Amino acid sequence: MSFRKNNIKLENQLSLICSNAGKLSDKAEITFDDLFPETFMKIHTQCNSIEEFMAPLGVETNEDFENVPDDKLEEHIQNNTNFSNWKDMKHSAWSDFLSEQLGF
């Protein structure tokens, strides 16, 4: 009896995840604001937004971000977040984003 209940619950969760994944695949673009919402920024930095966090690097556009030297970005992250590097910060942001979007 308990096994059947758990199986139905799992099927419902998987159905929700599939539905949410379909909605996510319809999204044309995922922005920095999507990946780094205010809640993420407040937990991991002293900033309220990704824009505020990137401002000291002179980043206002995607092109500006692309032109930031890697060593400056890494130093800024090490000095102003609880991450060791950009890769870890992105990984955490993607993990949080996907968990929320998929309904985990």
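Report follows, based on the coordinates. (Residues numbered from 1 in each chain as written. Predicted model: local features only at pLDDT ≥ 70, side-chain atom pairs only at ≥ 80, totals over all residues. Heavy atoms only, no water.)

1. Here's the deal with the pattern of salt bridges
Per the stated rule, a full pass over the model turns up one salt bridge. Between E38 and K42 there is a salt bridge whose closest N-O contact spans 2.7 Å. Taken as a pair, E38 and K42 lie in helix α3 (residues 38–44) at a separation of four residues, close to a single helical turn. (Salt bridge = Lys/Arg side-chain N within 4 Å of Asp/Glu carboxyl O. Helix = DSSP H or I, 4+ residues; strand = E, 2+ residues; numbered from the N terminus.)

2. Points about the nonpolar core
Among the nonpolar cores identified, the biggest contains 18 residues, and F36, F53, M54, W86 and M89 are the most heavily contacted of them. Elements that contribute at least two residues to this core include exactly α3, α4 (50–54), α6 (70–80) and α7 (86–102). Among the elements that take part in this core, α7 stands out by supplying four residues, more than any other. Those residues in contact with M89 that sit more than four places away from it in its chain are F36, F40, M41, F53, I77, T81 and F83. (Core = buried A, V, L, I, M, F, W, Y, C linked by side-chain atoms within 4.5 Å. Buried < 20%, exposed > 50% of the residue type's maximum accessible area, 1.4 Å probe, protein only. Contact = heavy atoms within 4.5 Å.)

3. Considering the environment of E38
Using a relative accessible area of 46% as the deciding quantity, one classes E38 as partly exposed. Separated by 10 residues in sequence, E38 and N48 have C-alpha atoms that sit 5.4 Å apart.

4. Observations concerning the side chain of H76
As for its position among the elements, H76 is in helix α6. There is a polar contact of 2.7 Å between the side chain of H76 and the backbone oxygen of F53. Beyond its immediate stretch of four places on either side in the chain, H76 contacts F53, P56 and L57. (Polar contact = N/O pair within 3.5 Å; in protein donor to acceptor, adjacent residues only side chain to side chain.)

5. Comments concerning α6
Within the sequence span of α6, burial applies to L73, H76 and I77. Along α6, the residues classed as buried sweep out an arc of 95° about the axis, all on the same side. Seen from the open side of α6, the exposed residues pointing more than 90 degrees away from its buried face are D71 and N79. Summarising the contacts, the buried residues of α6 are in contact with α4, α5 (62–66) and α7. (Arc of directions from axis to C-beta.)

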